[in-house]
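Report on the structure
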There are 2 protein chains.
Amino acid sequence: MANQLNLRIDRSSPVPLYHQVVQGIEAAIHTGVLEPGSRLENEIDLAAQLNLSRPTMRKAMDELVRSGLLVRKRGVGTQVVSSQVRRPLELSSLYDDLSNNGSKPTTDVLSFSHEEADAAIRKALQLPAGAKVYHFARLRKVGGKPLALMENWVRDDITAIDEAALASQGLYGILRNGGVNFRLASQRIGAMIANDYQAPLLETTAGSALVTMERTAVDDTGRMVETGHHVYRADSYSFEMTLVQR
Amino acid sequence: MANQLNLRIDRSSPVPLYHQVVQGIEAAIHTGVLEPGSRLENEIDLAAQLNLSRPTMRKAMDELVRSGLLVRKRGVGTQVVSSQVRRPLELSSLYDDLSNNGSKPTTDVLSFSHEEADAAIRKALQLPAGAKVYHFARLRKVGGKPLALMENWVRDDITAIDEAALASQGLYGILRNGGVNFRLASQRIGAMIANDYQAPLLETTAGSALVTMERTAVDDTGRMVETGHHVYRADSYSFEMTLVQR
DNA sequence: AACATTCTAATGTCAGGACAAACTATTGAC
DNA sequence: GTCAATAGTTTGTCCTGACATTAGAATGTT
């Protein structure tokens, strides 16, 4: 078979060996060195070729299987999954997604306040009575075209937030700089009809379709950091994801 | 601390040890034995208590972290994250979801044919020219109320499908019985406005909001098995999921 | 009292080995 | 020639052991 994966493992690098393998195989699939549908060599030989132990090799493959790039079958082997299966939905913000895509998003801060959280928000963020939060609404545009209308509530005991930072940086960037390590988020995606408030802001007509998303994000200490309600123009945004059977 | 997790590991069971641990901890979180925010004992002690090796214990915890129930932090420990964080979106069908929920879904088969695939479907399922597929539209109701309008294309070289089976069983059930082991699916969720065809079938008015979902499912041999386009009434359905940072 | 240093506890990474289970393909029997 | 038993390949599970890295607490110094 002579796969010639051409992976180079740098044992002096701080990035873990299994992750170097993940990156290498991802790159090979992306550049077409590994064609969709082709079979990989077996784990043991691959590990031997790279001077790695099998557990390390397996850990790398586990990740690739989980992310939907590979499919394994006992007694048969490991295959590069077909094709145009896209990236899984990742824990990132809209701002990141757009930036990575080469677009240049801009943000209008429509309202901003530092106020006492009401009962619903306290429940969502698991805050005690009397706690204060940042509450703000933003309009995100890309290429001058409005794309999303976002309303968020953020706990105030992590880092200070002000209007100017929000206009220039994106919420998740601010929070990460403030030392927040996001770990997970639960979200709900649905649909609604644009109302008279939303329609002009999104430069569409009342009655057009919007994608809705509610999200609550948790950091590595288990705190609920942020909750929000976003709406997107259905003609310019949709959620893509890959589900993996376990 | 004396966690008293009260897990029992059955070494004679065919279910893997790490999975027994996963189930046990899931149950403990679900029943409230492990409270949200509480810290678990460290991996090594837990493994010792259950007479398991640390890698096995870690594998169990990895899964729980991935599913969003636990949060780990190096040098600190492992915490129950929960609260109302919901289940991740799983690779299952609407029929399964509803059945597991105690509801009793019914299905009307609106159209059914066994026809030659057009170019778009051949591309989505990666079929050669001239290949035939099953093509059908279904209306899914729960409690007599219409919920989803589904149009699907399924390759015909796996198992035979007929109208009667579709009306009584759910597509994924039929395919699983036919020997298909689903591995992953890529899907896209968006929104649209109900048109004159969809509205009466879903017993709503033209212009109301619908959630749209396009999905292509892949089995363990890497074959694209099924692709479809579904629309749901936005007032009765939304997609919930948990995203985990890696 | 404030600060830097050291220590400890916990998770993160990696190795090497052993056996089990599932699928494929070949071989053998009828 | 068809079908069943068998052997071989590959992934799945599990073990023991070791060291690295990080976060936070305790300690000591100024």
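Let me begin by describing the structure that accompanies this report. Along each chain, residues carry numbers from 1 onward, in the same order as the chain's sequence is written. Following the order in which they are written, the chains are lettered starting with A and the ligands numbered starting with 1. Reporting of local features is limited, given that this is a predicted model, to residues whose pLDDT is at least 70; pairs of side-chain atoms are given and counted only at 80 or more, and all residues count toward the totals for whole chains, interfaces and linings. As a convention, hydrogens and water are excluded, and side-chain values are obtained from all of the structure's heavy atoms.

Here we take up the packing of aromatic side chains. Stacked, tilted and edge-to-face are the three classes assigned to paired rings of Phe, Tyr and Trp, where Trp is represented by its six-membered ring and a pair needs centres within 6.5 Å; plane angles under 30 degrees give stacked, over 60 edge-to-face, the rest tilted. According to the stated counting rule, one finds twelve aromatic pairs over all chains in the structure shown. On the basis of an interplanar angle of 85° and a centroid distance of 5.3 Å, the ring pair of A:Y237 and A:F239 is categorised as edge-to-face. Consider the rings of B:Y232 and B:Y237, whose centres lie 4.5 Å apart with planes at 20°: the pair is stacked. Burial classes follow relative accessibility: with a 1.4 Å probe on protein chains only, a residue under 20% of its type's maximum area counts as buried, one over 50% as exposed, and anything between as partly exposed. Exposure remark for B:Y232: the relative accessible area of 2% places this residue in the buried category. Among the aromatic side chains, those forming a connected cluster through ring pairs are A:F112, A:Y134 and A:F136. Just above the ring of A:Y18 sits the side chain of A:K59; from NZ or CZ to the centre is 4.7 Å. Note on geometry: a ring has a charge over it if NZ (lysine) or CZ (arginine) is within 6 Å of the ring centre and within 35 degrees of the ring normal.

Moving on, we get to the protein's contact with DNA strand D. Residue proximity to a molecule or strand is established when one non-hydrogen atom of the residue lies within 4 Å of it. Neighbouring DNA strand D are 25 residues, the closest being A:R54, B:R11, B:L17, B:Y18 and B:T56. Sugar plus phosphate: this is where 75% of the atoms of DNA strand D within 4 Å of the protein reside. Pairing of N or O atoms within 3.5 Å defines a polar contact, subject to two protein rules: one partner must be a possible hydrogen donor and the other a possible acceptor, and residues neighboring in sequence count only if both atoms are side-chain atoms. With respect to DNA strand D, the side chain of A:R54 contributes an N or O atom lying 2.6 Å from a base oxygen. At 3.0 Å, a side-chain N or O of B:S53 approaches a phosphate oxygen of DNA strand D.

On to the relation of the copies chain B and chain A, then. Superposition of the copies was done by least squares, using only C-alpha atoms of residues whose pLDDT is at least 70 in both. Turning chain B through 180° and shifting it by 0.1 Å along the axis lays it on chain A, with an RMSD of 0.1 Å. Put plainly, the chains are arranged around a two-fold axis. Taking C-alpha positions as reference, the residue of chain B nearest the rotation axis is B:A191, located at 2.7 Å. Any two residues having at least one pair of non-hydrogen atoms within 4.5 Å are treated as being in contact. When the interface residues of chain B are mapped onto chain A, 98% of them again fall at the interface, so both copies present the same face.

Attention now goes to the sheet that holds strand 5 (residues 145–155) of chain A. Strand pairing is defined by DSSP finding a minimum of two bridges between the two strands. Put simply, DSSP H or I for four residues or longer makes a helix, DSSP E for two residues or longer makes a strand, and each gets a number counted from the N terminus. Read from one edge to the other, the open sheet built from seven strands follows the order 3(A)-4(A)-5(A)-8(A)-7(A)-6(A)-9(B), with strand pairing classed as antiparallel. Edge positions in the sheet fall to strand 3 (105–116) of chain A together with strand 9 (239–244) of chain B, since each of these pairs with one other strand and no more. Mean inter-strand twist for the sheet, computed between neighbouring axes without regard to direction, equals 15°. Under this scheme, a helix contributes an axis fitted over its contacting stretch, all axes are lines through C-alpha atoms, and angles between N-to-C directions fall in the 0 to 180 degree range.

Now for the protein's contact with DNA strand C. Around DNA strand C, a shell composed of 26 residues is seen, among which A:R11, A:L17, A:Y18, A:T56 and B:R54 lie nearest. At 3.0 Å, a side-chain N or O of B:T78 approaches a phosphate oxygen of DNA strand C. Note that Gly is not counted as nonpolar here; it falls among the polar residues with everything else outside the nonpolar set of Ala, Val, Leu, Ile, Met, Phe, Trp, Tyr, Cys and Pro and the charged set of Asp, Glu, Lys and Arg. Here the residues of the surface near DNA strand C sort into eight nonpolar, eight polar and ten charged.

Turning to the pattern of salt bridges, a few remarks are in order. Residue and element names in this part refer to chain A. The rule for a salt bridge is simple: a side-chain nitrogen of Lys or Arg has to be within 4 Å of a carboxyl oxygen of Asp or Glu. Taken as a whole, this structure holds 18 salt bridges over all chains when the rule is applied. Where R58 meets E43, a salt bridge forms, and the shortest distance between an N and an O atom there is 2.6 Å. With R58 in helix 3 (residues 54–66) and E43 in helix 2 (residues 43–49), this residue pair connects regions lying 15 residues apart in the sequence. Taken together, the shared-partner salt bridges connect E43, R54, R58, D62 and R72 into one network.

Glancing now at the environment of B:E63. On the secondary structure map, B:E63 appears in helix 3 (residues 54–66). Classification of B:E63 as buried rests on a relative accessible area of 14%.

Moving on, we come to the sheet that holds strand 6 (residues 182–193) of chain B. The strand order 9(A)-6(B)-7(B)-8(B)-5(B)-4(B)-3(B) describes an open sheet built from seven strands, whose pairing is antiparallel. The open sheet terminates on both sides in strands that have one partner only, identified here as strand 9 (239–244) of chain A together with strand 3 (105–116) of chain B. Each strand axis lies, on average, 15° off the axis of its neighbour in the sheet, ignoring direction. The sheet contact formed by strand 9 of chain A and strand 6 of chain B spans six bridges and is antiparallel.

Core analysis: the biggest nonpolar cluster contains 27 residues, and A:I189, A:Y232, A:F239, B:I189, B:V211, B:Y232 and B:F239 have the highest contact counts within it. When residues of this core are traced back to their parent elements, those giving at least two are strand 5, strand 6 (182–193), strand 7 (209–219) and strand 9 of chain A together with strand 5 (145–155), strand 6, strand 7 (209–219) and strand 9 of chain B. Beyond its immediate stretch of four places on either side in the chain, B:I189 contacts A:I189, A:S238, A:F239, A:M241, B:V211, B:T212, B:M213 and B:F239. Remark: nonpolar core denotes a set of buried residues (Ala, Val, Leu, Ile, Met, Phe, Trp, Tyr, Cys) joined through side-chain atoms within 4.5 Å. Among the nonpolar cores identified, the runner-up in size contains 20 residues, and B:L7, B:V22, B:L40 and B:V65 belong to it.

The next subject is the interface of chain B and chain A. Contacts between the two partners involve 52 residues from chain B, matched on the other side by 52 residues from chain A. Buried surface at the junction of chain B and chain A, summed over both partners, amounts to about 4,400 Å²; 53% is from carbon and sulfur atoms. For the pair chain B and chain A, the number of links is two salt bridges. One salt bridge in this structure joins A:E240 and B:R188, with 2.6 Å as the shortest N-O distance. Applying the counting criterion to the chain B and chain A interface returns six residue pairs in polar contact (both at pLDDT 80 or more). Put simply, the parts of the chain that give the side of chain B that touches chain A at least two residues each are helix 3, strand 1 (70–73), strand 6, strand 7 and strand 9 of chain B. Buried surface area refers to the total accessible area, computed with a probe of radius 1.4 Å, that the two partners give up upon joining, counted for both partners together.

The quantities given are spatial measurements derived from coordinates; they are silent on function.
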